[in-house]
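# An overview of the molecular structure
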Amino acid sequence: MQLSFSLPCMEESGHELCFLSSPNHDRRVGCNINGDIYVSQNWKGWEVWRFIKDESSGHFIITSWTHDKKVLCSGPDGRVFTTENKEGSWEKWRIVPHPKFEGLRIESWSRLHTEKKEVDTAWYIEPAHGNHFFISATSHDERLSSSNEHPFTSKNRKSWEKWIVEPTNEKIGQYTIRSMEHGKYLGAEKNDKIIVSENKQLWTIGLSTQEGGGYLILSTEYDRRLTLDENGNLHTEEVGDSNVTWQLEAVLPHTVSGKQIWSWVGLGVSSTILAVAMPFAVMGVVGAMGFGAGGIAAGSMGAGMMSAEAIAAGGGIAAGGTVATLQSIGAVGLGLAGTSMAVGAGAATGGLVSFGVIKATKFGNEHERIVIDQPEKHLPLCSWRLWQ
């Protein structure tokens with residue numbers, strides 16, 4: 001995953017939701033089912049943190065998005081752990097550009113590390129949505145969608161409607177738009193036709209000044225804006241000819257706390273839903289209880305639960321019950337549960353912060369154009385690459 005330049009960020013009640021990533025080790029800092037710190041290669045819900053800025057001091061409190069009472073803390077020996085105290089000085093963090101390496105230095109009373117203090121780690125802070133979006137027409141209940149052959153619009157918010165908006169790392173404001181489901185890139189042709197193909201095409205994206213807001217999406221090659229007609233047919237038009245703007249609805253990774261997991265089990269929730277939604281660490285918990293691919297281990301907690309349920313049910317195990325649910329999860333293994341799942345119909349839209357340095361303005365002909373300004377004084381955390 002490559003996140004760069006002036007990407008949109010996720011806000012939740014004014015707080016940024018971000019991944020805290022070590023680029024040298026390709027690891028994210030996470031907060032597991034018990035609320036403890038760990039590192040992982042995942043980009044999922046347990047690896048998302050809420051960065052809360054104290055405007056008076058400029059310092060941050062960093063809380064787990066999943067376990068909102070868990071706060072990142074550093075002791076005097078440099079050990080990093082979580083606490084439920086938000087008032088102490090050890091829970092305050094200073095985030096500054098790293099003086100030696102690309103990335104950020106995150107400082108408390110000691111720097112964020114679990115090794116010797118001589119280790120000077122650079123960190124990346126990346127937006128929690130990972131550049132995954134539903135792209136919706138502001139004035140229509142229509143989402144940009146795609147099959148393997150062609151793009152179209154849809155009222156759904158399912159896998160075909162999810163797009164990855166990626167920076168080019170060459171010029172600020174230019175992006176590729178790629179289907180998450182099919183891997184094809186959105187493109188335009190001279191005849192105003194919209195296509196999907198294996199070839200990358202660039203789009204320039206910026207805020208619209210029209211009433212109602214939204215974003216303009218322009219074909220960089222043809223300088224024509226993405227739009228759709230009253231029947232939902234996609235095409236491009238001259239800038240200013242269409243009133244259609246777009247919203248980027250962020251798709252956040254699914255997350256669930258330990259308390260929620262066991263409340264679901266108690267309610268007998270569908271084993272498939274539970275297995276997909278849980279981060280992979282939960283599989284270890286279920287496995288430790290004795291539920292595995294080969295059945296329920298003799299003498300385990302799971303065996304005891306099975307015996308108790310069988311007695312209560314008169315000799316049988318109820319389909320959809322607690323034991324059947326847990327055994328289904330254990331039998332599935334990491335193949336299903338290890339797959340990243342994004343929020344579906346109720347996608348968390350939060351609020352998109354500005355692109356930082358990209359905005360649309362009007363020239364003398366009253367046509368909107370996207371222009372690139374100098375970086376503003378205050379940029380979101382995930383735009384740290386633009387910090388002066």
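Everything numeric here is computed off the predicted structure, so don't read it as measured data. Numbers given to residues run from 1 along each chain, matching the order in which its sequence is written. The predicted nature of this model means local features are confined to residues of pLDDT at least 70 and side-chain atom pairs, given and counted, to a pLDDT of 80 or more, with totals for whole chains, interfaces and linings taken over all residues. Computation of side-chain values: all heavy atoms of the structure, hydrogens and water removed.

What follows deals with the overall build of the protein chain. Note on conventions: DSSP H or I runs of at least 4 residues are helices, E runs of at least 2 residues are strands, and numbering of each starts at the N terminus. Helix and strand content of the protein chain: six helices and 28 strands. Note on classification: 1.4 Å probe, protein chains only; a residue is buried when its accessible area is under 20% of the maximum for its type, exposed when over 50%, partly exposed between these limits. A total of 388 residues make up the protein chain; the buried ones form 51% of that total. For the area figures, the Shrake-Rupley method with a 1.4 Å probe applies, and any residue is considered shielded solely by the protein chains shown. Of the roughly 18,000 Å² that the protein chain leaves accessible, carbon and sulfur atoms contribute 50%.

Here we take up the environment of N233. Along the chain, N233 falls in the loop between β21 (224-228) and β22 (234-238). Residues count as neighbours in contact if any of their non-hydrogen atoms are within 4.5 Å of one another. Those residues within four positions of N233 in sequence are excluded, and the remaining contacts are T227 and L228.

This part is about the packing of aromatic side chains. Ring geometry is summarised as follows: Phe, Tyr and Trp rings, the Trp one being its six-membered ring, pair when their centres sit within 6.5 Å, and such pairs are stacked at plane angles under 30 degrees, edge-to-face over 60 and tilted between the two. Throughout the structure, instances matching the rule amount to four aromatic pairs. Each ring, one from F19 and one from W43, has its centre 5.0 Å from the other, and the planes form 80°; the classification is edge-to-face. Taken as a pair, F19 in strand β2 (residues 15-22) and W43 in the loop between β4 (37-40) and β5 (48-53) lie far apart in primary sequence, 24 residues in all. Exposure remark for F19: the relative accessible area of 1% places this residue in the buried category. Assessed through its relative accessible area of 21%, W43 is described here as partly exposed.

By themselves these figures say nothing about function.
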